[in-house]
Amino acid sequence: MVFGLMKLRTATLDDVPTLQSWDREVHVIDASGDDDIYDWAVEVPRIVDGREFLIAEIDGRPIGMLQIIDPAREESHYWGDIAPDLRAIDIWIGDAADLGRGYGTEMMRLAIEHCFAPPEVTAILIDPLVRNTRAHRFYERMGFRRIEQRMFGADDCYVFRMDRADWIAHGKG
Ligand SMILES: CC(C)(COP(=O)(O)OP(=O)(O)OC[C@H]1O[C@@H](n2cnc3c(N)ncnc32)[C@H](O)[C@@H]1OP(=O)(O)O)[C@@H](O)C(=O)NCCC(=O)NCCS
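All of the points below concern the structure found in this document.

How each quantity is defined
Residues numbered from 1 in each chain as written. Predicted model: local features only at pLDDT ≥ 70, side-chain atom pairs only at ≥ 80, totals over all residues. Heavy atoms only, no water. Helix = DSSP H or I, 4+ residues; strand = E, 2+ residues; numbered from the N terminus. Rg over C-alpha atoms; globule rule 2.2 N^0.38 Å. Buried < 20%, exposed > 50% of the residue type's maximum accessible area, 1.4 Å probe, protein only. Contact = heavy atoms within 4.5 Å. Lys, Arg positive; Asp, Glu negative; His and termini not counted. Charge placed at Lys NZ, Arg CZ, Asp CG, Glu CD. Salt bridge = Lys/Arg side-chain N within 4 Å of Asp/Glu carboxyl O. Phe/Tyr/Trp six-rings, centres within 6.5 Å; stacked < 30°, edge-to-face > 60°. Lys NZ or Arg CZ within 6 Å of the ring centre and 35° of its normal. Polar contact = N/O pair within 3.5 Å; in protein donor to acceptor, adjacent residues only side chain to side chain. Expected span 1.5 Å × (residues − 1). Near = heavy atom within 4 Å. Areas by Shrake-Rupley, 256 points an atom, 1.4 Å probe, with all protein chains shown as cover.

Some details on the overall build of the protein
The helix and strand inventory of the protein stands at six helices and seven strands. Scanning the protein from its N terminus toward the C terminus, one meets helices and strands in the order β-α-α-α-β-β-β-α-β-α-β-β-α. Its C-alpha atoms give the protein a radius of gyration of 15 Å, near enough to 16 Å, the size a compact globule of 173 residues would have. Each principal axis of the C-alpha distribution contributes one length, and for the protein these read about 35 × 35 × 30 Å. Put simply, the protein has 173 residues, and 44% of those count as buried. Long-range contacts, defined here as pairs at least 24 residues apart, represent 64% of the contacts in the protein between residues at least 6 apart. Where the 20 positive side-chain charges of the protein centre and where its 32 negative ones centre are 6 Å apart.

Set out below in C-alpha cells:
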C-alpha cells in the first residue's frame, strides 16, 4: 500500500476539536467500551505518568490516534494487578473514509516499535471488545496472540498479547 510518510507525534490542545469529532464517528463509538470516553480538553494537556497520546499524521494530516500506557504505572489501573514493563495500546482511525487503507497497519507498526524501544519492555497488550471481530483479525495479522477473555467493567473483551519474541519472529513488521 502506498501513501505519504506517516509520523506519530504527541497530541496537543490544537488536536482537541479533531479528537472530539472523531469520537462522534460510528466506527469509533462501536469499538469503544462504556468507560472509554475522555474529555480531551482536560486530558490532552494533563501529564500522566505512564500515559501517552500520539496522533498519527500522513504528510501533516491527522488520521488517527493512539493511547499507549504502562498499565502498572498509569493512574487508572484499568488493567488491575499487572506486571511491570508492559505496554497497552488503544488505536483508532478518525475519519471513516480513512478505514481499510493500510493506515492502521502502519500506525501499529510504528506504535509497536515505539513500545519496544526501551529494552526493559517485555510485551504489548490490547483489549478489543469481543464483538469487534475485524479488529481481532487485524491484531492477529500483526503478530498478536489471543490469550484470554475478560471483563473490563461492563465490557466483554479479548486480551491480545505480543511478546518481544513474537515481534522479532514477525520480522518487526
Ligand atoms: C482497527 C483499525 C485501527 C485498523 O486500521 P485500518 O487502517 O482500518 O486497517 P488496515 O487497512 O491497515 O487493515 C485492514 C484490516 O483492518 C481491519 N478493519 C478494517 N476496517 C475496519 C473497521 N471498520 N473496524 C474494525 N477493523 C477494521 C480489518 O481487520 C481489516 O482487514 P479485513 O479487510 O481483512 O477485514 C481501524 O479499522 C479502526 O480504527 N477501527 C475502528 C476502531 C477500532 O476498532 N479500534 C480497535 C479497538 S481495540
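Right, picking up where we left off after that structure.
Looking at the pattern of salt bridges
Tallying each qualifying case throughout the model produces 15 salt bridges. In this structure, the salt-bridge partner of R51 is E43, at a minimum N-O distance of 2.9 Å. Of the two residues examined, R51 and E43, each falls in the buried class. The shortest N-O distance in the salt bridge between D49 and R73 comes to 2.8 Å. Here the residue D49 occupies a position in the loop between helix 3 (40-43) and strand 2 (51-58), and R73 occupies one in the loop between strand 3 (61-69) and strand 4 (86-93), the gap between them amounting to 24 residues. Here the salt bridges do not stand alone but share partners, grouping E43, R46, R51 and E75 into one network.

Looking at the packing of aromatic side chains
Two aromatic rings, taken as a pair, are described by how far apart their centres are and by the angle between their planes. Applying the stated criterion across every chain yields a total of twelve aromatic pairs. For the ring pair W79 and F152, a centre distance of 5.0 Å and an interplane angle of 75° mean the geometry is edge-to-face. Highlighted residues: W79 in the loop between strand 3 and strand 4 and F152 in strand 6 (residues 145-152), separated in sequence by 73 residues. Using a relative accessible area of 4% as the deciding quantity, one classes W79 as buried. Ring pairs connect the aromatic residues Y38, W40, F53 and W92, which therefore count as one cluster. Taking the ring centre of Y38 as reference, the NZ or CZ of R51 above it sits at 5.6 Å. One Lys or Arg, R146, reaches over the ring of Y158 and ends 3.9 Å from the middle of that ring.

Some details on the side chain of R51
One can find R51 in strand 2. A polar atom in the side chain of R51 sits 3.4 Å from the backbone oxygen of R46.

What to know about helix 4 (residues 103-116)
Taking 1.5 Å per residue, 14 residues should reach 20 Å; helix 4 reaches 20 Å between its end C-alpha atoms and fits that length. Taking burial as the measure, the 14 residues of helix 4 include ten buried ones, the bulk of the element. Looking at helix 4, one finds that the buried residues are Y103, G104, E106, M107, M108, L110, A111, I112, C115 and F116.

Notes on the site of the ligand
Not every one of the 20 residues close to the ligand is listed here, only the nearest: G102, G104, T105, R134 and R137. One of the backbone nitrogen or oxygen atoms of I91 is found 2.9 Å away from a nitrogen atom of the ligand. One of the backbone N or O atoms of G104 is found 2.7 Å from an oxygen atom in the ligand. Protein coverage of the free-state accessible area of the ligand, which is 830 Å², stands at 84%. Of all elements in the fold, only helix 2 (26-31), strand 4, helix 4 and helix 5 (133-142) reach the threshold of two or more residues within the shell around the ligand.

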